[in-house]
Every structure is written in C-alpha cells, then in structure tokens.
2 protein chains.
Amino acid sequence: MDAWNALTERITEIETLSGVHALLEWDQQTYMPRGAAEGRGRQSALLARLRHERFTDPRVGEWLAELAHAELDAPRRAAVRVLTRQYRRATCLPAALVEALGHARNEGYNAWMAAREADRFAPFEAPLQRLLDLTREQAAAYGSAAHPYDALLEDYDPGSTVAELRPMFTRLGAELNVLLDALAGRPHPRGFAGALDVDGQRTLSERVLDDLGFDRSRGRLDLSEHPFSTGIGPGDTRITTHFHAENFLAALGGTIHEAGHGMYEQGLRTDRPGWGLDVAAGMGLHESQSRFWENIIGRSLPFCRYLAPHMQALWPDRGITPEALYGAFNRVERSLVRIFADEVTYNLHVVARFELELGILEGNLQARDLPDAWDDAYRRHVGVVSPRPHDGVLQDVHWSGGMFGYFPSYTLGNLYAASLGATMQAELPDMWRNVEAGHFAPILAWMRAKVHVRGSEADAPEIIRDACGMRDPVADLMDSLWARHGALYGVTR
Amino acid sequence: MDAWNALTERITEIETLSGVHALLEWDQQTYMPRGAAEGRGRQSALLARLRHERFTDPRVGEWLAELAHAELDAPRRAAVRVLTRQYRRATCLPAALVEALGHARNEGYNAWMAAREADRFAPFEAPLQRLLDLTREQAAAYGSAAHPYDALLEDYDPGSTVAELRPMFTRLGAELNVLLDALAGRPHPRGFAGALDVDGQRTLSERVLDDLGFDRSRGRLDLSEHPFSTGIGPGDTRITTHFHAENFLAALGGTIHEAGHGMYEQGLRTDRPGWGLDVAAGMGLHESQSRFWENIIGRSLPFCRYLAPHMQALWPDRGITPEALYGAFNRVERSLVRIFADEVTYNLHVVARFELELGILEGNLQARDLPDAWDDAYRRHVGVVSPRPHDGVLQDVHWSGGMFGYFPSYTLGNLYAASLGATMQAELPDMWRNVEAGHFAPILAWMRAKVHVRGSEADAPEIIRDACGMRDPVADLMDSLWARHGALYGVTR
C-alpha cells in the first residue's frame, strides 16, 4: 500500500492548497482592498501552479498505474478511477496548447469586455475564433469520445454525453414552450413589492439559513457583488449574497441558492482526506442542490407559509401574506438575459446555448456566424431576440474564458432537482408539512444520505439513478413547473 | 547574473507564499468560522513547510555563495548580506533540534495554558525547563557571539547586542524609577471617562486612520479579539482593533498603535520583489513606528486638540475637552501586568524580563528558580509584586512558545521612537502645529524617507543613526516622558 499512502498524502496536500486558493478568491470578492488586486493575482497564480505541479508530477501517474492493478475495496477503486481520469486530463494536453489556451482566454476576456462596452460584436470576433479553434483542438487532444463535445462535458459533468443530453434538451425545450404559450397573456399572479431595510434582510436571511440547516459554525454568510459559494476546507464553507432594499425576494432566492451549494459542501465526508472522492460529482449535481432549495423548496406555497410570519414580524403592515410571496416568487415571462430569467424560461436559454455549442464543436459554426446563429436560436427556442449584442451573443462571460460545455450544468441541475424533489415527496410523506413548519432537517438528512455523502464515488447520473430510481427527469421538471405556475396563472395542462 | 535572477525569483515566490500565509492568519483572527480551526492549522502548517523547503533548498545556498563574490551595487550587496544571514540561521540548526523545539513549544504552550488556568507555576515547570535547555542549545548552534543571548536577539533585532543593551536598559530602569517616584502620591490628572457607542467609535477610528495617512485603499481595519497588524502583500496591509463601549481611549490608542505598524508596512518599497530587503529591519524598529504614533503623537496635547472637536461632534455634551483627553491619555501608575501598563511603567516590565532572560541564557537561572527570580526582579525594577503567579511569572505567552530575546524589542521601539520624535521636532519646526491641525502628511513623509523606504538595507541601529545622528535614546525617551507626565502631575525634574 505504499503507492496508496504516497498518493493520498500528495492529494491531501493538493486539497489543502485548494482550500487556501479558495480563501484567496473569497477574500478577493469580499474584503480585499482594491490596491491589492495585482498582488492577489500573483498569489492566485502561484497557488494554481503549485497545485498543478504537484498533481502532474510523473510519480502521481506511476502510483495510479500501480494501483490500477492492486486489489482494492470499492471506494478505493472509485478513488483511483476518479483521480486517474483527472490525471489523464491534466497531463494529456500538449504544453504549447495549454499555453495558447491561457493566452487566448486572457485576450478573449479583455476583448469581450471591450465588445460589451461598445455593444458591438466585431472586437470579440477574432479572439473568439481563436478560442473556438483551440477548443476544438483541446477536445480532440482529450481523446476519442462519441462526440467532441463529450470531451468538454467531462470537465464539468463527467458521465453526461451528447447522446443523452440532445434528445432530452430538445424535448424539454418543446415542452417548456407549451407551458409558456399557455401562460402567455394571462394576468401575472399578485405579488409583494416594496423596499425593505437591509438590516432586516440580513437578520431574516441568517434566520432562514439557520432553519434550512446551513451550519454557520462551519461557514459564513458575507456580502459580495456577485453571490457565490466556496469551500475553504473541512468545516469552512462560505456563501455570499447581495442585498437590495428594492428587491429582497430575489436576494433571498439567491441566498437560498448559495445555501444549497453550501449545504452540499458541508455534507461531503471529511474522513477520507486525499482520496479525491469527497468533492461534488460535477457541476450539474452541485447545481441540483442549489436549485432544489431555491426552486422546489423556496418557491413553494408551504415555504411561503413558513416565511411570511417572519417577514410580518420584521415589517408589519406591509401586506405580507403567504399568497403574496407565492405570487411574487413565481412570475414567469420570456426574457432576453439568462441571469435575470425566471425558472421556466431559464432552461430555454440553456437549450439555445447547447445547440450553438454543438454547432461549434461539430465545426459548423465559426465566430463570424455566431451573432446571427444566436438570434436565430433565441427566436426558435426562447421566443425573443435582443436588439443589441450586449444582451444577445455578448451576454455571457463563459465563452470569453474558453468555457464551452458548462451551460448544460444549469439545466441538468434543474432536472436532477426535480427528480430528487419528486422522489423525496414520495419517500417523506410529511415533507411539505415540515417545510411549512420550518422543520427542514428531515429534508436535508434525506439529501445528505442520498447525494452528499457519496461525493464522487459515482458520476452524477448514477447517483441520481440510485437516489430516484429510473425516472423521467423532463417529466419531473415539467410536472413541478405546471403545478406551481399553471395553478397561479389559472391554466391547466 | 544567473544566480541573482534565480535567487530573486525564488525569494519572490517565498514572499508571495508569506503573504498567503498572512491571509490565513488574518482570516483566522477575524472571520474564520470556529469549525474551521483544525483545517486551518493544516493549511498554515503546509504553507510554513513550503516556505521553509523553498528557502532551505541547497541551491539557495549555492546562489548566495556565488553572489558573495560577485560585483554588485550597494543595495544588491545588502540583499545578499540579509538573505545570507537568514539562510544561515534557517539551515544551521540540526534537524533533531528543530523537531525537539517544535514539540517543546507545543507542549510548553499547552502547559502554560493549564498553569494559568490553575494559577500554579508547577505544571509549567518541567516543560519550561525543556524549553530553556533547548533554547541554550539553539543559541550555541547559531554560532559564536559575544553573548549567547546575542544569537537569539538576531532573530528579532539584528544589529542589537547585550553589550549595548545591558547598560542602556540598566540606566533606563533607574531613570524611570526616579520619574515614577516623583509622580507617586501626586493626584492623577483629570481625565475623561464614560461609555461611547461603538458605531461612533468605528466612525471616528476610520477618520483618524485616514487623517494619519493609513491608506485604506491599500489596507483595512477589522475587528479581532487581540489587535494586530499584518502585511498580506503589496497594497494589502491590514490592522485590527477591538472596541469597548467603556474604554474608547484605550481602544483608539491601540488602533493608532496598529496603524503605526501598518503605515510602516505601507511605506516599504515594492519595486524590488525577491530582494528580501523590503521588510522591517527588526521588531524594535517596527515597534518604534507603532509607539511613535501611539505615544509621541497620540498622547500629545496637540493631538488631543485635533481629536477633541471630532469627539465633541459625535458625542456632544459629554465634557470632552483637549485637556480632559490629554489627562486621560497620560495617567501613570506602577502596575503588575505588562500588557495593561502605562507607557512609563511598561519599560520596567521589559527591563525585568531582560535581566531574567540574560540569567537564563548565562545558565544561572533554571525553571524552578523563575517564580522567585521573577518576583525579585519585579520588586527591584517595577516596585510591585503579584500575589498570584497568573499575573506574575505566568503573565506572558512568549516563553511558553520558546520566544526568548523578543521582549527588548518593545523598549527598543520606545527608545527609537523617542529619538525619531526629537529629531523630527528639530527638522520640522511646524510639526506640532500640523498635528493640532490634523495635518499629518509631513510627519509621515519624514518617517517614510528616513525609515520606511530603507527596508532592511541596514540594521535598525544604523537606520536610526542615519536618521537621527548620534543621540542618546535614553535621554530622548526620558525627556519626552518628563515633558508630558511631569507637567501633568505638577512635578519638575
């Protein structure tokens, strides 16, 4: 077991460095003075290099090769499988390609910023083309897969493939449009609007976090421009939010979303340091946890019944009722920009991007084609077209950083969350009564047992299959959306 | 210049890691959730190990040896001198001794905590004896010095020696006692007392920091249990404070003290990364910066004239006058505990410890002797004796962590600060008018030019000599203390 001990010792060191790296990034977005930006860049780059050097050390490959033939129990076999996949991906790209990608991402980001500023696609076109070329090279270098896009998906959602996602997303897009067409023209549910003081927002958010089960003795809530969650080490999971006096419900939804991510991190096992197993099994599964709490729980009427008295106590005489909150949480409208989209339309933004990214990887779309292709995909899938590239093809940062293959995670998260919610509802008959009573512990315990403690022992699709059985996630998601929005808008399927 | 480039690249990496390490420690004392303690310990230990491995790499020794014979300009020669000294100290101790010291410090700290808790010296005696033995071994291993204590001083105050400190501290102790005897029995100056709201304390503290010249765009003020200052990187110097509603003036003094440390860090050059030069030239000089601002500036009547109107604006009708603040800032009384001592008595606490530490290093004092030796030294130097070991021989953490040789820094800081203040007053005739007007920029600029920008190009005694000429620091400190306290207590020399 020398190889096993050497390997886990090395991976423990890398995990420790990852936590330190996460602290650098958390601090950068919360408390870092602005004069520290340049120095922080050097600190982050050094940490990234140290982690990379330690992981791509040829000895790591030798230990893994030796362990591939060793007699190991099932979790250790899983550890070797997961680490071998990561090692292969970290070492299989030619150094020249890695360097070229680094430069292209940097230039891409700067060009994208300039293009957004100017509201013109042109300044982004050449750098984007360079990124497309290099990304196709990268997918090829990752090795044979049924579809070149599969090679990219493995970075974010190992276990997912185009063969499986394409029909699922196509069907989901069509069914979402049926729902949106049914809702269109109907009056929006009455909601709650009005400014709420930020001190009260903070008090209530912390109360909700505590009730949900986000452990603030092993984590924190802070403020940042863009909400995020991060794991700094065992016992140290931090989330951020951003309060607006004018729009507390959106901020609260965001806080619950990040708490979902955070509770996943807090639920990962800590007794296997260096196994590489106790991390999220992909971004889609991570997103399932945030979306489950934000959408399935947080937008439900029982949750509004739990929340309303707390809000009334803080802000009496403001007409806060469970029904008003429920209406406000569930407004639906086709919209141009993904990050502001409601939970129904959101997935159509992803369906459109997935189609475009497949076209890019298949070699059918070049940078110069993308503005028109974007508008065309939006017309067909989302039903709206932006008059300005700023809110069209330039709206997302992802491509400028060479992140192709990430977008499906968001909708995978919604699909997984829907199946988890449907299964939980069947297995925990008191689920909604508990939500209404603010008693979330049984829900979190179920999720811990079915998802969190498994870490990356299996890929996400297998974890979901084990948790939910053979379900139809598109049907689960559509059922959930129809149940809430159909009722609120007074339409039936 | 290959060796120079390789060396500075390596040292830059170590400096970057040091900044990351400082962030880990800052976070631990400010925002870290308590559940993260164990993981944070591992992160800090890993960073310490990485820094040590990188610095003690034999190639560093080879580069330094090569550069010792190279033709270099004066600052590069200084860099090689400073780094060679550090390298020698980092590599000259046998590994077994380093390990034994590590264990003994850990055990010493735990035993000290237990002994404090029990208010009994006995549980600390054996672990302390082990630390004394190992510290003597360590001093011997550092190599030949005129006095074994000199070898320890070099860790904290390179350039200072027992031959120089012993007569200076003896004389200072005697002269301080003359002053304290003169003040004894006289009525204390009238001061200001009363609770002040913490929000106002924060507002005023930030205003004072900005006025003094602590740059909050390249630093921060946060809260922690024990105030401290730390450099996280170029453009990132953080200080902390602790507000008490009941005792704002002490908290403000502490904040100004930390700001003095912080402004020193902010004044260090940033254009020579990897030279190892742009760090403080010892703890005594660092302390001179905090004490200069806290005592020479912060306890002066002109400063009270600057401060009083700001306090009156925040807290009207509380009888806040410059004279009341001046009285409150300058109360003097022999006291048992160093960290609560006034600025006069403080140095006597150091004189007593210095005498004891010399006895330890000369082999004349063993652990079992220390309770009585402590009380005896206190009786002779400080004029008070604690009835309880908790506030006597057990009052400081330093020895429990093997820190012998650190205490002189505190009084060196007061001595350097007094000479700097006296010289500044002669060179900047408007100095006190500027303080009264809240116009501290010329003072900070003078300090920057004379002290900060020099970094570690020379040892502290040489930097002070260059800044102040040949002065008598004991006379400077005594003049400053007599001028304020003599006048307030109505006694003349």
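Residues numbered from 1 in each chain as written. Chains lettered and ligands numbered in written order. Predicted model: local features only at pLDDT ≥ 70, side-chain atom pairs only at ≥ 80, totals over all residues. Heavy atoms only, no water.

Draft legend 1. Just the overall build of chain A, in detail. A count of helical and extended segments in chain A gives 20 helices and three strands. A compact globule built from 493 residues should have a C-alpha radius of gyration of about 23 Å, and chain A, at 23 Å, falls within 12% of that. Long-range contacts, defined here as pairs at least 24 residues apart, represent 75% of the contacts in chain A between residues at least 6 apart. Accessible surface for chain A amounts to roughly 20,000 Å². Of this, 52% is attributable to carbon and sulfur atoms. Within chain A, the 67 negative side-chain charges are centred at a point lying 1 Å from the centre of the 51 positive side-chain charges. (Helix = DSSP H or I, 4+ residues; strand = E, 2+ residues; numbered from the N terminus. Rg over C-alpha atoms; globule rule 2.2 N^0.38 Å. Contact = heavy atoms within 4.5 Å. Areas by Shrake-Rupley, 256 points an atom, 1.4 Å probe, with all protein chains shown as cover. Lys, Arg positive; Asp, Glu negative; His and termini not counted. Charge placed at Lys NZ, Arg CZ, Asp CG, Glu CD.)

Draft legend 2. Broad picture of the pairing of strand 2 (residues 229–233) of chain A. Residues and elements named next belong to chain A. One ladder, built from four bridges, connects strand 2 with strand 3 (residues 236–241); its direction is antiparallel. Following the sheet pairing, T230 is matched in strand 3 by R238. Counted between consecutive antiparallel strands, the loop separating strand 2 from strand 3 contains two residues, among which G235 sits at a positive phi close to 80°. (Pairing = 2+ DSSP bridges.)

Draft legend 3. Layout of the side chain of E294(A). Residues and elements named next belong to chain A. Within the fold, E294 resides in helix 11 (residues 283–297). On the basis of relative accessibility, which here comes to 17%, the residue E294 falls in the buried class. In this structure the side chain of E294 is engaged in a polar contact, spanning 3.3 Å, whose partner is the side chain of R299. The residues contacting E294, other than those within four sequence positions of it, are G253, I256, H257 and R299. (Buried < 20%, exposed > 50% of the residue type's maximum accessible area, 1.4 Å probe, protein only. Polar contact = N/O pair within 3.5 Å; in protein donor to acceptor, adjacent residues only side chain to side chain.)

Draft legend 4. Summary view of the sheet that holds strand 3 (residues 236–241) of chain B. All names here are of chain B. The strand order across the open sheet formed by three strands is 1-3-2, and the pairing between neighbours is mixed. Strands at the two margins of the open sheet, each flanked by one partner only, are strand 1 (219–223) and strand 2 (229–233). In this sheet, neighbouring strand axes are inclined to one another by 25° on average, regardless of whether the strands run parallel or antiparallel. Sheet analysis places strand 1 next to strand 3, joined by five bridges and oriented parallel. The partner of D222 across the bridge, within strand 3, is T240. (Axes fitted to C-alpha atoms, helices over the stretch in contact; angles between N-to-C directions.)

Draft legend 5. Inspection of the sheet that holds strand 1 (residues 219–223) of chain A at higher detail. All names here are of chain A. Pairing is mixed in the open sheet, where three strands are placed in the order 1-3-2. With one partner strand each, in any of the chains shown, strand 1 and strand 2 form the two edges of the open sheet. For this sheet, the mean angle separating the axes of adjacent strands, direction not counted, is 25°. Against the sheet, helix 10 (residues 248–267) touches strand 1, strand 2 and strand 3, its axis set at about 170° to strand 3.

Draft legend 6. Quick peek at the packing of helix 16 (residues 408–427) of chain A against helix 20 (residues 473–489) of chain A. Residues and elements named next belong to chain A. The interhelical angle for the contact between helix 16 and helix 20, taken along N-to-C directions, is 80°, at an axis separation of 8 Å. Comparing the axis directions of helix 16 and helix 20 gives the class roughly perpendicular. Facing helix 16, whose interface residues are N414, L415, A418, S419 and A422, helix 20 presents P473, V474, D476 and L477. Of the residues that constitute the contact of helix 16 with helix 20, the class distribution is six nonpolar, two polar and one charged. (Parallel < 35°, antiparallel > 145°, perpendicular 65-115°, else oblique. Nonpolar A, V, L, I, M, F, W, Y, C, P; charged D, E, K, R; others polar.)

Draft legend 7. Structural detail: the relation of the copies chain A and chain B. You can overlay chain A on chain B at an RMSD of 0.0 Å; the transform is a turn of 180° with a shift of 0.0 Å along its axis. Here the two chains are linked by the operation of a two-fold rotation axis. A shared interface surface links the copies, since 100% of the contact residues of chain A are contact residues in chain B too. (Least-squares fit on C-alpha atoms with pLDDT ≥ 70 in both.)

Draft legend 8. Region of the structure containing the packing of aromatic side chains. Applying the stated criterion across every chain yields a total of 41 aromatic pairs over all chains. Ring geometry for W374(A) and W399(A): centres 5.8 Å apart, planes at 85°, overall edge-to-face. With W374(A) in helix 15 (residues 370–382) and W399(A) in the loop between helix 15 and helix 16, this pair connects stretches of sequence that are 25 residues apart. Across the pair, exposure class does not vary: W374(A) and W399(A) are buried alike. Taking the centre distance of 5.3 Å and the plane angle of 55° together, the rings of F303(B) and Y306(B) count as tilted. A residue pair is termed a helical-turn pair when its members lie 3 or 4 positions apart in one helix, as F303(B) and Y306(B) do in helix 12 (residues 301–314) at three residues. Each member of the pair, F303(B) as well as Y306(B), carries the same accessibility label: buried. In this structure an aromatic cluster arises from ring pairing among Y156(A), Y346(A), Y406(A), F407(A) and Y410(A). (Phe/Tyr/Trp six-rings, centres within 6.5 Å; stacked < 30°, edge-to-face > 60°.)

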